[in-house]
Amino acid sequence: MTEKLFYQDSHLFEFRAEVLRCEQDGAHWRVVLDRTAFFPEGGGQSADTGTLTVCGGTKATVRVTDARERDGEIFHICDAPLRPGDCAEGRLDRQQRLCRMQNHSGEHILSGCAHRLYGCENVGFHLGEGDVTIDFDRELDAEELQQIETRANEAVRADLPVKVWFPEPEELAELEYRSKKELSGAVRIVEIPDVDRCACCAPHVSRTGEIGVIKILNAEKHRGGVRLSVACGMWALEDYRRKQQSAAEVSVLLSAKRDEIGTAVQRLMQERDRLKEKNAALAAELVGYRAEREPETEGNLCLFEEIPDEIAVRELVNRLMEKCGGLAAVFFPGAEGSLRYIIGSRSMDLRKASKAINAGIGGRGGGRPEMIQGSATADREEILRFLREFRATEG
Ligand SMILES: [Zn+2]
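Peer 1: Tell me about the packing of helix α2 (residues 94-118) against helix α3 (residues 142-157), residues and numbers included.
Peer 2: Remark: α2 packs on α3, axes separated minimally by 9 Å, with the N-to-C direction vectors making an angle of 125°. Relative to α3, the element α2 lies oblique. The crossing of α2 and α3 is right-handed. Facing Ile109, Leu110, Cys113, Ala114, Leu117 and Tyr118 of α2, the residues of α3 in contact are Glu144, Gln147, Ile148, Arg151, Ala152 and Ala155.

As structure tokens, this is what we get:
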């Protein structure tokens, strides 16, 4: 059995131990020490990473990329070997562990508050890198979520001690606590007085004040309940910084105060809608002039127009159809530099002719007998040459 220093002191980030075994496993080495502060994956919390350095001599350092527990023994997955019998100095990636503890303890508090206030059961938990996902078995509205968040942050402000212990079976039988599954072996209890009591094997903060802040970032319906995205402590600060940065950028662009950017964006969108309407009206007017300019012909008409509005292009094709005996084609700019077309005719069956037309203009598309639309890749001269001469019998 490896002595688990992380259970004696969750804030131990450096320690000394003896190397007991070292086995190669593919590109890695599995190192067993007599004692360790590296927490192996468990309770929804990922394994610690860090380094092991040989005491004295070469002071060679290996990187610990993962840690796993099997039958009470903890294997440190390392990128280089260590010699059994050597003394090694372990150093955890401190910030990572502190952030995970802030967020894991924050999750317990939030789950405890949701349970006590609204009888919610925590049915899912994922501690990622940067945020935490929590699933509750019932829906919660915005006001309820705010109540839970406020209560949770009051527990942080109260700087409550976090009590962790392995109760004897008799004590455990009497104890009420949250637990996701039937537990076997020694059950470890993490208690925050008057807030939460939960079975958990992961390291936690010593006092709730260490968490700093608990913030619900998002809530969405999930399997008859709700899925929360949460950030605590330093992760919440990082989230705040990102959001502040993006609010600041929008604020400068819109010349609006940061907490009034929502209203400013609304105004901008109203203005955009007004311009769209105006643009459509102008395009319709333009279409009228454009159609008038074309002479009547028994053959085909083919125009290239910078009309961004598809409805207006369709209207132009309708007007041109009245002026020609063959087909009326309008080419106009589409998304990302593409060339789009709408072709109409009163005399040809365009659905039948579409295959030949597309072949001639490097196009794709189709539609009804009187009108087809799509995109073309041939160049302007090629298209003009082809469509001026095109006759329905070819289709
Ligand atoms: Zn836990």
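Peer 1: Run through the environment of Ala247, naming residues and quoting values.
Peer 2: Along the polypeptide, Ala247 turns up in helix α5 (residues 233-254). Among the residues examined, Ala247 registers 16 C-beta atoms within 10 Å and is labelled partly exposed. Considered as a pair, Ala247 and Ile261 are 14 residues apart in the sequence and their alpha carbons are 7.4 Å apart.

Peer 1: Quick one: what's the story with helix α8 (residues 350-361), residue by residue and with numbers?
Peer 2: Over its 12 residues, α8 extends only 14 Å from the first C-alpha to the last, a length that falls short of the 16 Å expected when each residue adds 1.5 Å. Here α8 has its buried residues at Leu350, Ala353, Ser354, Ile357 and Ile361. Relative to the axis of α8, the buried residues are bounded by an arc of 130° and lie together on one face. Seen from the buried face of α8, the exposed residues on the opposite side, beyond 90 degrees, are Lys352, Lys355 and Ala359. Contacts made by the buried residues of α8 are with β17 (327-333), β18 (339-345), β19 (363-367), β20 (371-376) and α9 (380-389).

Peer 1: Give a detailed account of the sheet that holds β18, specifying residues and quantitative values.
Peer 2: Strand order in the open sheet formed by five strands is β16-β17-β18-β20-β19, and the pairing between neighbours is mixed. Each edge of the open sheet is held by one strand with a lone partner, namely β16 (301-304) and β19. Strand-to-strand twist across the sheet, computed as the mean angle between neighbouring axes with direction ignored, equals 15°. Pairing of β17 with β18, which is carried by seven bridges, proceeds in the antiparallel orientation. Its bridge partner lying in β18, Phe331 is registered against Tyr341.

Peer 1: How would you summarise the pairing of strand β15 (residues 225-232) if you had to cite specific residues and measurements?
Peer 2: The pairing of strand β10 (residues 132-136) with β15 spans five bridges and is antiparallel. The partner of Val132 across the bridge, within β15, is Val230. As defined by bridge partners, strand β14 (residues 214-222) adjoins β15 across eight bridges and the pair is classed as antiparallel. What sits directly across from Lys215, in β15, is Ala231.

Peer 1: Tell me what's going on with the domain arrangement of the protein, and back it up with residues and numbers.
Peer 2: Along its sequence, the protein is carved into domain 1 (3-92), domain 2 (98-250) and domain 3 (288-394). If you average the C-alpha positions of domain 2 and of domain 3, the two centres end up 63 Å apart.

Peer 1: Before we move on, can you summarise the sheet that holds β15 with the specific residues and values?
Peer 2: The antiparallel open sheet is built from four strands, whose spatial order is β9-β10-β15-β14. Of all the strands in the sheet, the pair left with one neighbour each is β9 (122-127) and β14. Across the sheet, the mean angle from the axis of one strand to that of its neighbour is 20°, orientation sign disregarded. On the sheet, α5 packs against β14 and β15 and is oriented at approximately 90° with respect to β15.

Peer 1: Outline the packing of helix α6 (residues 261-293) against helix α7 (residues 310-321), listing residues and values.
Peer 2: For the pair α6 and α7, interaxial distance at closest approach is 9 Å and the crossing angle is 20°. One finds that α6 runs roughly parallel with respect to α7. The element α6 and its partner α7 pack so that their crossing is right-handed. Where α6 abuts α7, its residues Ala280, Ala283, Ala284, Val287, Arg290 and Ala291 lie against Ile311, Ala312, Glu315, Leu316, Arg319 and Leu320. Residue classes in the contact of α6 with α7 are distributed as nine nonpolar, no polar and three charged.

Peer 1: I'd like a description of the environment of Gln96, backed by residues and values.
Peer 2: By the element assignment, Gln96 lies in helix α2. With 43 residues separating them along the chain, Gln96 and Thr53 place their C-alpha atoms 19 Å apart.

Peer 1: Go over unusual backbone geometry with me, naming the residues and quoting the values.
Peer 2: Phi at Lys59 is positive, roughly 55°, even though this residue is not glycine. Relative to the helices and strands, Lys59 resides in the loop between β5 (50-54) and β6 (61-70). For Lys59, a count of 9 C-beta atoms within 10 Å corresponds to the exposed category. A positive phi angle is found at Ser255, which is not glycine, with a value near 50°. Mapped onto the elements, Ser255 comes out in the loop between α5 and α6. Classification of Ser255 as exposed rests on a count of 7 C-beta atoms within 10 Å.

Peer 1: Give me the lowdown on the nonpolar core, citing residues and values where you can.
Peer 2: One broad trend across soluble globular proteins is that nonpolar side chains are buried collectively. With 50 residues, the main nonpolar core has Ile109, Leu110, Ala152, Ile214 and Val230 as its most contacted residues. It is α2 that contributes the most residues to this core, six residues altogether. When residues of this core are assigned to domains, at least three fall in each of domain 1 (3-92) and domain 2 (98-250). Residues within four places of Val230 in sequence aside, it is in contact with Gly106, Glu107, Leu110, Asp131, Val132, Ile134, Ile214, Lys215, Ile216 and Leu217. Val330, Tyr341, Ile343 and Ala353 belong to the second-largest nonpolar core, a separate cluster that totals 32 residues.

What counts, and where the lines are drawn
Sequence order sets the numbering: in each chain, residues are counted from 1 along the sequence as written. Totals for whole chains, interfaces and linings use all residues, but because this is a predicted model, local features are given only for residues with pLDDT of at least 70 and pairs of side-chain atoms are given and counted only at 80 or more. Geometry is summarised by axes, namely lines fitted to C-alpha atoms with helices restricted to the contacting stretch, and by angles between N-to-C directions that run from 0 to 180 degrees. The helix count covers DSSP runs of H or I at least four residues long, the strand count covers runs of E at least two residues long, and both are numbered beginning at the N terminus. Each angle is binned into one of four classes, with values under 35 degrees roughly parallel, values over 145 roughly antiparallel, values of 65 to 115 roughly perpendicular, and all other values oblique. The hand of a helix crossing depends on one turn: near helix anticlockwise from the far one by less than a right angle means left-handed, and clockwise means right-handed. Contacts are defined on C-beta atoms placed from the backbone: any two residues whose C-beta positions lie within 7 Å are in contact. Labels follow a simple rule on C-beta atoms placed from the backbone: if 20 or more others lie within 10 Å of a residue's own, it is buried; if 12 or fewer, it is exposed; otherwise it is partly exposed. The span one expects for a helix is its residue count, reduced by one, times 1.5 Å. It is the directions from the helix axis to the C-beta atoms whose arc is reported. A pair of strands counts as paired when DSSP detects no fewer than two bridges linking them. Domain ranges listed in this record stem from an automatic or a database domain assignment. Each residue is assigned to one class: nonpolar for Ala, Val, Leu, Ile, Met, Phe, Trp, Tyr, Cys and Pro, charged for Asp, Glu, Lys and Arg, and polar for all the others, Gly among them. Think of a nonpolar core as buried Ala, Val, Leu, Ile, Met, Phe, Trp, Tyr and Cys residues chained together by C-beta atoms that fall within 7 Å.

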